[in-house]
Amino acid sequence: MEQSFTYAPSLTKAERYAAFLEDYRLMISDEDDRISLLANTAAALHEAFGFFWVGFYLTADAEWLHLGPFQGPVACTRIRRGRGVCGTAWAEERTIIVPDVDRFPGHIACSSASRSEIVVPLRDRHGHIYGVLDIDSERLYAFDDDDRCGLEAVVEAMAG
Ligand code: SME
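Anyway, here's the lowdown on the structure attached to this text. For clarity, every value in this text was computed on a predicted model and none was experimentally measured. (Residues numbered from 1 in each chain as written. Predicted model: local features only at pLDDT ≥ 70, side-chain atom pairs only at ≥ 80, totals over all residues. Heavy atoms only, no water.)

What to know about the site of the ligand
Then, in step 1: Neighbouring the ligand are the residues Trp53, Tyr57, Ile79, Gly84, Val85, Cys86, His107, Ile108, Cys110, Glu117, Asp134 and Asp136.
Then, in step 2: Within the backbone of Cys86, an N or O atom sits 2.8 Å from an oxygen atom of the ligand.
Then, in step 3: Side-chain polar atom of His107 to a nitrogen atom of the ligand: 3.3 Å apart, as the coordinates give it.
Then, in step 4: Relative to its unbound accessible surface of 310 Å², the ligand loses 99% to contact with the protein. (Near = heavy atom within 4 Å. Polar contact = N/O pair within 3.5 Å; in protein donor to acceptor, adjacent residues only side chain to side chain. Areas by Shrake-Rupley, 256 points an atom, 1.4 Å probe, with all protein chains shown as cover.)

Here it is in structure tokens:
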């Protein structure tokens, strides 16, 4: 399988997510191994959107998230439930957009270059949260409702 996730620069963000989702659904259609899916999802999102850091933290037990597949600089490996943006999105079971990480109390800075962030919970088929998708940008205010809708659709597609 060779698949490319490059799109015309002229596309709006919403159009880019729509095009991405079409290609993404094709890519994942014959794969059901969780780690393989997460690894290729991180790579595809990185290629399509050029994110500074994109990856997954997965629940290890009721208290901890552990670093999963990602693309970008080396990152923190453990995040406690309720801590940082990732642990908060997990505890509150909702997508969190942080326009300026310096204004999010308790933000965990894996890289000082990261300025804004979005975290989307991952749910299995039964609605149980098994981790989060975390994306960081070097720009302030990089994420908006187009990202929320697009990325929630991506993780929903992954759940099957
Ligand atoms: N900033 C995150 C930690 C993970 S890194 O961004 C990759 C947080 O506050 O949970």
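Regarding the sheet that holds strand E6 (residues 129–137)
Then, in step 1: Overall, antiparallel pairing links the six strands, which are arranged E3-E2-E1-E6-E5-E4 in an open sheet. With partners counted over all chains shown, the strands left at the sheet margins are strand E3 (78–80) and strand E4 (96–98), one partner each. Between one strand axis and the next, the sheet turns through 25 degrees on average, direction left out of account.
Then, in step 2: Two elements, E4 and strand E5 (residues 116–123), share three bridges in a ladder whose sense is antiparallel. Following the sheet pairing, Ile96 is matched in E5 by Val119.
Then, in step 3: In the packing of helix H4 (residues 145–159) onto the sheet, the strands contacted are strand E1 (53–59), E4, E5 and E6, and the crossing angle to E5 comes to about 30 degrees. (Pairing = 2+ DSSP bridges. Helix = DSSP H or I, 4+ residues; strand = E, 2+ residues; numbered from the N terminus. Axes fitted to C-alpha atoms, helices over the stretch in contact; angles between N-to-C directions. Contact = heavy atoms within 4.5 Å.)

Let's talk about the packing of aromatic side chains
Then, in step 1: Enumeration according to the criterion identifies eight aromatic pairs in this entry.
Then, in step 2: An aromatic cluster of three or more residues is present, and its members are Phe5, Tyr17, Phe20, Tyr24, Phe49, Phe51 and Phe143.
Then, in step 3: When the ring centre of Tyr130 is taken as origin, the NZ or CZ atom of Arg34, which lies over that ring, is 3.6 Å away.
Then, in step 4: When the ring centre of Trp90 is taken as reference, the NZ or CZ atom of Arg81 above it lies at 4.9 Å. (Phe/Tyr/Trp six-rings, centres within 6.5 Å; stacked < 30°, edge-to-face > 60°. Lys NZ or Arg CZ within 6 Å of the ring centre and 35° of its normal.)

Considerations on the layout of surface pockets
Then, in step 1: For the largest pocket, the calculated volume is near 280 Å³.
Then, in step 2: Lining the largest pocket are 13 residues, with Asp32, Leu37, Arg125, Met158 and Ala159 positioned closest to its centre.
Then, in step 3: Elements with a contribution of two residues or more to the lining of the largest pocket: helix H2 (34–49) and H4.
Then, in step 4: Element by element, the count of residues in the lining of the largest pocket is highest for H4, at three residues.
Then, in step 5: Of the residues contributing to the lining of the largest pocket, the split by class is six nonpolar, one polar and six charged.
Then, in step 6: Its boundaries defined by the atoms lining it, the second largest pocket holds a volume of some 210 Å³.
Then, in step 7: If you trace the second largest pocket, you find 14 residues lining it, with Phe49, Gly50, Phe51, Ser137 and Arg139 closest to the centre.
Then, in step 8: Counting residues per element, the ones that place at least two in the lining of the second largest pocket are helix H1 (13–28), H2 and E6.
Then, in step 9: Here the lining of the second largest pocket is built from residues that sort into six nonpolar, two polar and six charged. (1 Å grid on protein atoms, 1.4 Å probe; cavity = no way out; pocket = protein on both sides within 12 Å on 5 of 7 lines; lining within 4 Å. Points joined across faces, edges and corners; volume = space filled by probe spheres on them. Nonpolar A, V, L, I, M, F, W, Y, C, P; charged D, E, K, R; others polar.)

None of the figures reported here should be taken as evidence of function without further support.
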